[in-house]
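# Secondary and tertiary structure notes
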Amino acid sequence: MPVIITANGLTETVTAAIDTGSTLCVFQREVAESLGITVEDGIEDYVSAMGTIIRVYGHEATVTIGDLALDMFVYFPDYQRIPRNLLGRQGFLQRLRFGLDDYEGIVYLSHHNDP
Amino acid sequence: MITGIDIAAENTGTINKLLSSEEPLTLVGGEQAEEKVVLPESLKPLLKQILAEMAKGNEVAVLAKDAEMTTQEAADYLKVSRAYLVKVIDRGEIPSRLVGNHRRVKVKDALLYEQSLNEKKRGRIVPPPVKMRDMNKDMKWLAEHRGEYAGKWVAIYEDRLIAACDTAAEVHEAKERAGFPQTLVTYIEEPLPQGMSKKG
């Protein structure tokens, strides 16, 4: 799905996949670079992905999807290439209600408190 | 800072019982047990909490809120690198004072920062900083042309391919030159052989 990531007053429009198995929201290092983020200046953490442990660094950013936006921590890998941006639980899914119509290719997202 | 207090497992139950009792808790010492001090009631919940953590195998640290930590101790406590912590201090997010050339951070300030950091990590729904354009055409284009551009970085605006390049830097340059608002930039993954599902 398309998302807009905003940090340092800059925005990038990219695609991201929702990953219920991912604890963190991890974006490609290239996205950080185009937003002027120095990856290694962030909060260090580790994620397990693609059969290996990847060191990632968290940065504050705003992620916009349709009419929804979240201020959250987005993590970027140290040097490893990841094939896609992932929206995981912390900061994203934990704040939203999420539904999927795979047949129609539609994702439903709303505030977790919405009626 | 006190960490890793050891206590015999068989004594934990007895201590818990004493701490849960309404009777005052008395500290007895001396060779003949002749010295006795009644401990304040307010100490009981703290001791119970310490025991509960120790029972879980956690290390326990007792810190006075006004005590000071070095930047390394504060970084270890917050589970961030010292370099990151120094930047946070430089941004004024944690107050500090200089002792010679070294910075000191109050425990209570580190605790406050930890709280705000955890809040930020939980995420917060905010008004969108930008209005997102309709991206249906972009996503349709991606679905239709995925195979042709596998392994490439592409920039798309609606149903138009702006650029397809080997690196993100090249595609960003092309995107900037084209000047369309909210141009979608994405890496198109190599397809897997049929019958193979993606993992991770």
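Residues numbered from 1 in each chain as written. Chains lettered and ligands numbered in written order. Predicted model: local features only at pLDDT ≥ 70, side-chain atom pairs only at ≥ 80, totals over all residues.

### Notes on the overall build of chain A
The helix and strand inventory of chain A stands at one helix and eight strands. The helix and strand sequence of chain A, counted from the amino end, reads β-β-α-β-β-β-β-β-β. Taking 13 Å as the expected radius of gyration for a compact globule of 115 residues, we find that chain A reaches 14 Å, a close match to that expectation. Principal-axis analysis of the C-alpha atoms gives chain A an extent of 40 × 35 × 25 Å. Residues classed as buried in chain A amount to 45% of the 115 residues present. (Helix = DSSP H or I, 4+ residues; strand = E, 2+ residues; numbered from the N terminus. Rg over C-alpha atoms; globule rule 2.2 N^0.38 Å. Buried ≥ 20, exposed ≤ 12 C-beta atoms within 10 Å, placed from the backbone.)

### Comments concerning the pairing of strand S7 (residues 96-101) of chain A
Sheet topology note: the S7(A)/strand S8 (residues 106-111) of chain A ladder contains six bridges and is antiparallel. Paired with A:Leu100 across the bridge in S8(A) is A:Val107. (Pairing = 2+ DSSP bridges.)

### Brief notes about the nonpolar core
Of all hydrophobic cores here, the largest spans 57 residues; its most connected members are A:Ile5, A:Cys25, A:Val63, A:Val74 and A:Tyr75. The element that contributes the greatest number of residues to this core is strand S5 (residues 68-77) of chain A, accounting for seven residues. When residues of this core are assigned to domains, at least three map to each of domain 2 (68-122) and domain 3 (136-187) of chain B. In this structure A:Tyr75 touches A:Leu24, A:Cys25, A:Val26, A:Asp45, A:Val56, A:Tyr57 and A:Gly58, once residues within four positions along its chain are discounted. (Core = buried A, V, L, I, M, F, W, Y, C linked by C-beta atoms within 7 Å. Domains from an automatic or database assignment. Contact = placed C-beta atoms within 7 Å.)

### Digging into the packing of helix H3 (residues 71-78) of chain B against helix H5 (residues 107-122) of chain B
All names here are of chain B. Following both chains from N to C, one finds H3 and H5 inclined at 35°, their axes separated by 11 Å at the closest point. The handedness of the crossing between H3 and H5 comes out as right-handed. Contact residues: H3 offers Ala74, Tyr77 and Leu78, while H5 offers Ala110, Tyr113 and Glu114. (Axes fitted to C-alpha atoms, helices over the stretch in contact; angles between N-to-C directions. Left-handed = near helix turned anticlockwise from the far one by under 90°.)

### Let's talk about the pairing of S5(A)
S5(A) sits mainly inside the fold: seven of its ten residues count as buried. As judged from the ten bridges shared by strand S4 (residues 52-65) of chain A and S5(A), these two strands associate in the antiparallel manner. Residue pairing across strands places A:Thr62 opposite A:Asp71, the latter belonging to S5(A). The antiparallel pairing of S4(A) with S5(A) creates a hairpin that spans two residues between the two strands, and A:Gly66 there sits at a positive phi of about 60°. Looking at chain direction, S5(A) and strand S6 (residues 124-126) of chain B are connected through three bridges and run antiparallel. Following the sheet pairing, A:Ala69 is matched in S6(B) by B:Val126.

### Examining the packing of H3(B) against helix H4 (residues 82-90) of chain B
Residues and elements named next belong to chain B. The interhelical angle for the contact between H3 and H4, taken along N-to-C directions, is 105°, at an axis separation of 9 Å. With respect to their mutual orientation, H3 and H4 come out roughly perpendicular. Along the contact surface, H3 presents Thr71, Gln72, Ala74, Ala75 and Leu78, while H4 presents Arg82, Leu85 and Val86. (Parallel < 35°, antiparallel > 145°, perpendicular 65-115°, else oblique.)

### Here we look at the domain arrangement of chain B
What the domain assignment lists for chain B is domain 1 (9-55), domain 2 (68-122) and domain 3 (136-187). Just the C-alpha atoms count here: the centres of domain 1 of chain B and domain 2 of chain B sit 34 Å apart.

### Things to note about the interface of chain B and chain A
Contacts between the two partners involve 29 residues from chain B and, on the opposite side, 36 residues from chain A. Tallying contributions element by element places strand S9 (residues 184-187) of chain B first for the side of chain B that touches chain A, with four residues. Across the side of chain B that touches chain A, the residue classes tally to 15 nonpolar, seven polar and seven charged. (Nonpolar A, V, L, I, M, F, W, Y, C, P; charged D, E, K, R; others polar.)

### What to know about helix H7 (residues 168-178) of chain B
Every buried residue of H7(B) is accounted for by B:Ala168, B:Val171, B:His172 and B:Lys175. All buried residues of H7(B) fall inside an arc of 105° around its axis, so they share one side. Where H7(B) is buried, its residues contact helix H1 (29-34) of chain A together with strand S7 (153-157), strand S8 (160-165) and S9 of chain B. Residue B:Gly179 follows H7(B) closely and has a positive phi angle near 75°. (Arc of directions from axis to C-beta.)

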